[in-house]
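Results of the structural survey
Take a look at the letters that make up each chain.
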Amino acid sequence: ITDAECAKNVSTAAYLKNWAKICNNRLLVWDYAADFSNYMMFFNDIYALKKNLQTYKDLGVIHVYHQTAAGTNVYPFANLRLYLYAKQAWNVDLNTRELADGFITQYYKDAAPYVSKYLDLLLSFWAAKDEEKGHGFHAINVNSYPTADWPKSLVDQGLNILQKALEACRANENAGTAEKLAKRVSCEMLFLSTLKLLNYTEYGYDENDYGEYVAC
């Protein structure tokens, strides 16, 4: 909301500030944290969340309805993002990365180092795109994944990291724990698998392997 380089954000910030004056700093906010056209899109609000909550606090907001994906909890880093919101809505001074690292360690256990590496891959990719496009790569309601925006290198590198995460999960001596952790990692693979399936030919994968990839 405080990004002065984005016209939409500047407009939204002004809108909130004006309402705060009218309402004597007692606002209720309904905001969104999902790409409603495609829940499989990685919604890049890991660090924006804290900044927005701080803005709400400064404006005297007393309640926030934070709407995420409806009807599913299987979207990229769903549980991490909900955890970050819950903790920082309670205390906006908490450090985002420390919270994220703590959650990943506890939630993904054996696979935690790989999941952390994968998250860093996505965040650095978005940061580079944002710089390249001049803040034109925001998460908006889109249902397409053009290869110009989502290169094959990202897919291959991400899937390779998460495959190692799966192997780490399955190495756990407790079969129940291994299965639970593998399922959590598999959920994170859906985003990249979606990219790969939609751009299979454009990425240059062997068309003869398409059916086999869909099946697995």
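The structure this text deals with has already been given above.
Residues numbered from 1 in each chain as written. Predicted model: local features only at pLDDT ≥ 70, side-chain atom pairs only at ≥ 80, totals over all residues. Heavy atoms only, no water.

**Observations regarding the overall build of the protein**
What counts is decided by this rule: Helix and strand assignments come from DSSP, with helices taken as H or I runs of at least 4 residues and strands as E runs of at least 2, each series counted from the N terminus. Burial here depends on accessible area, computed with a 1.4 Å probe over protein chains only, as a share of the maximum for the residue type. Under 20% is buried, over 50% is exposed, and the range in between is partly exposed. Here the open area of atoms and residues is found with the Shrake-Rupley method and a 1.4 Å probe, where only the protein chains shown may cover a residue. In this tally Asp and Glu are treated as negative and Lys and Arg as positive; neither His nor the chain ends contributes. Charged side chains are reduced to one point each, which is NZ for Lys, CZ for Arg, CG for Asp and CD for Glu.
Counting its secondary structure elements, the protein contains 9 helices and 2 strands. From first element to last, N terminus to C terminus, the protein shows the α and β order α-β-α-β-α-α-α-α-α-α-α. With respect to the three principal axes, the spread of C-alpha positions in the protein is 60 × 40 × 30 Å. The buried share of the protein, taken over its 216 residues, is 43%. In the structure as shown, the protein presents an accessible area of about 12200 Å², 51% of it carried by carbon and sulfur atoms. Distance between charge centroids for the protein: 8 Å, based on 21 positive and 25 negative side chains.

**Notes on the pattern of salt bridges**
Short version of the rule: Salt bridge, as applied in this entry: a Lys or Arg side-chain nitrogen positioned within 4 Å of an Asp or Glu carboxyl oxygen.
Tallied over the entire structure, the rule returns 4 salt bridges. In this structure, the salt-bridge partner of D101 is R97, at a minimum N-O distance of 3.0 Å. In this pair, D101 and R97 both sit in helix 4 (residues 96-108), 4 residues apart, roughly one turn of the helix. Look at D101 and you get partly exposed, because its relative accessible area is 32%. Between D156 and K152 there is a salt bridge, and its shortest N-O distance comes to 2.5 Å. Pair noted here: D156 and K152 are both in helix 6 (residues 152-170), with a separation of 4 residues, about one helical turn. Take D156: its relative accessible area is 30%, and that puts it in the partly exposed class. When salt bridges that share partners are traced, they join R97, D101 and D120 into one network.

**Concerning the nonpolar core**
Condition: Throughout this description, the term nonpolar core refers to a set of buried Ala, Val, Leu, Ile, Met, Phe, Trp, Tyr and Cys residues connected via side-chain atoms within 4.5 Å.
One finds F42, F77, Y108, Y118, W150, V185 and F191 to be the most contacted residues of the largest nonpolar core, which totals 61 residues. For this core, the leading source of residues is helix 5 (residues 112-133), giving 9 residues.

**Here we look at a nonpolar patch on the surface**
To keep things clear, this is the line we draw: Residues forming no salt bridge and having over 30% relative accessible area are the ones grouped into patches, like charges within 9 Å of each other and nonpolar side chains (Val, Leu, Ile, Met, Phe, Trp, Tyr) within 5 Å.
A contiguous nonpolar surface patch, about 470 Å² in accessible area, is contributed by W30, Y32, F36 and Y65. The residue Y32 is located in strand 1 (residues 27-32) in this model.

**Remarks on the pairing of strand 1**
Rules: The criterion for strand pairing is that DSSP finds at least two bridges linking the strands in question.
Residue alternation in strand 1 divides its side chains into a buried set, L27, V29 and D31, and an unburied set, L28, W30 and Y32. Where strand 1 and strand 2 (residues 61-67) come together, 6 bridges link them in parallel fashion. Bridge pairing in strand 2 links V29 to V64.

**Notes on helix 2 (residues 48-58)**
Going by this rule: By definition, the arc is the one covered by directions from the helix axis to the C-beta atoms. In this description, contact between two residues means that some pair of their heavy atoms is separated by no more than 4.5 Å.
Among all positions in helix 2, only L49, N52, L53, T55 and Y56 are buried. Looking down the long axis of helix 2, one finds its buried residues gathered within 155 degrees of arc, a one-sided arrangement. Opposite its buried face, helix 2 presents the exposed residues K51, K57 and D58, each directed more than 90 degrees away. Looking at the buried residues of helix 2, the elements they touch are helix 1 (7-22), strand 1, strand 2 and helix 3 (78-90).

**Regarding the side chain of D31**
Short version of the rule: Here a polar contact is taken to be a pair of N or O atoms separated by no more than 3.5 Å, where protein atoms must pair a possible hydrogen donor with a possible acceptor and residues adjacent in sequence count only if both atoms sit in side chains.
Counting through the fold element by element, D31 comes out in strand 1. Here D31 is buried and forms no salt bridge, its nearest opposite-charge partner R81 lying at an N-O distance of 9.1 Å. A distance of 3.0 Å separates the side chain of D31 from the side chain of Y56, its partner in a polar contact. With near-sequence residues (within four places) excluded, D31 lies in contact with Y56, V64, Y65, H66 and Q67.

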